[in-house]
Each structure stands twice: as C-alpha cells, then as structure tokens.
Amino acid sequence: MSSAITCRPDIGTVEAALNEGREALKGEDIAAMEQARDRINQAAHKLAEAMYKQTASASAAGPDGQQQPGGASGAHKRDGEVVDAEFEDVK
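Rules used in this analysis
- Residues numbered from 1 in each chain as written.
- Predicted model: local features only at pLDDT ≥ 70, side-chain atom pairs only at ≥ 80, totals over all residues.
- Heavy atoms only, no water.
- Helix = DSSP H or I, 4+ residues; strand = E, 2+ residues; numbered from the N terminus.
- Contact = heavy atoms within 4.5 Å.
- Areas by Shrake-Rupley, 256 points an atom, 1.4 Å probe, with all protein chains shown as cover.
- Expected span 1.5 Å × (residues − 1).
- Buried < 20%, exposed > 50% of the residue type's maximum accessible area, 1.4 Å probe, protein only.
- Polar contact = N/O pair within 3.5 Å; in protein donor to acceptor, adjacent residues only side chain to side chain.
- pLDDT = per-residue confidence, 0-100.

Attention now moves to the overall build of the protein. Across its full length, the protein carries 3 helices and 0 strands. Counted from the first residue to the last, the protein has its helices and strands arranged as α-α-α. Sequence-distant contacts in the protein: of pairs separated by 6 or more residues, those separated by 24 or more amount to 32%. Looking at the protein as shown, the accessible area adds up to about 7,900 Å², and 54% of this sits on carbon and sulfur atoms.

What follows is the structure, given as structure tokens:
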C-alpha cells in the first residue's frame, strides 16, 4: 500500500469526527468533548498532510507531468535575471 493512500483521509472519517464533535458539544461531558476534539485534530492533520503532498507533487511536475529541473523547491533562474546578494570582499 502506498504512503499517499495511507495518508489520504477518508471523507467519512472527517465527517464522523465533526459529527462526534457536534454531539459532544450538546452535552456537558468534558472528556467526550476533549476526545472529539482530538479526533477532529487527527482528521485535520491527515487532511492537511494529503493537501501538502498533492500540492508538492503538482508543483514538482511540469505541464506534461515530468519532474522540473531544480526539484520541488521552485527556485528557477531566468537568463538576465538580477539576483540581489550580499558579499564580503576577502583580501
């Protein structure tokens, strides 16, 4: 099983966590509220991880799906582009 599939949150899991949180808020059980909060946080983290992975893979690949030179950093230098940098002249 690939890591992209294991990190991808199931929409049902996210919805279940949110519904559990809504139900917990209707009551007065603090422990149930904290447990629901923890499940929502876990689901949110998995969702964010999946989004970041998708964004990183999309930005690393060009329009034809091939890896761009320079990797996923997005650091591309164009000819004639001025790069501002500080330097020290050592004698």
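Helical geometry: 3.6 residues make up each α-helical turn, so side chains three or four residues apart lie on a common side. Taking 1.5 Å of rise per residue, 31 residues should cover 45 Å, and helix α3 (residues 30-60) covers 44 Å from first to last C-alpha, within 8% of that figure. Regarding α3, the residues found buried are A36, A43 and A60. In the core, the buried residues of α3 are packed alongside α2 (11-26). Put simply, D29 is the residue that caps the front of α3, since its side-chain oxygen is 3.2 Å from the backbone nitrogen of A31.

Time to look at the confidence of the model for the protein. Averaged over the protein, the pLDDT score is 78; the fraction of residues at 70 or greater is 70%. Model confidence for the protein, summarised as mean pLDDT per element, is weakest for helix α1 (residues 3-7) at 44 and strongest for α2 at 92. Across residues 1-7, where pLDDT falls below 50, the model places 6 contacts with residues more than four positions away in sequence or in other chains.

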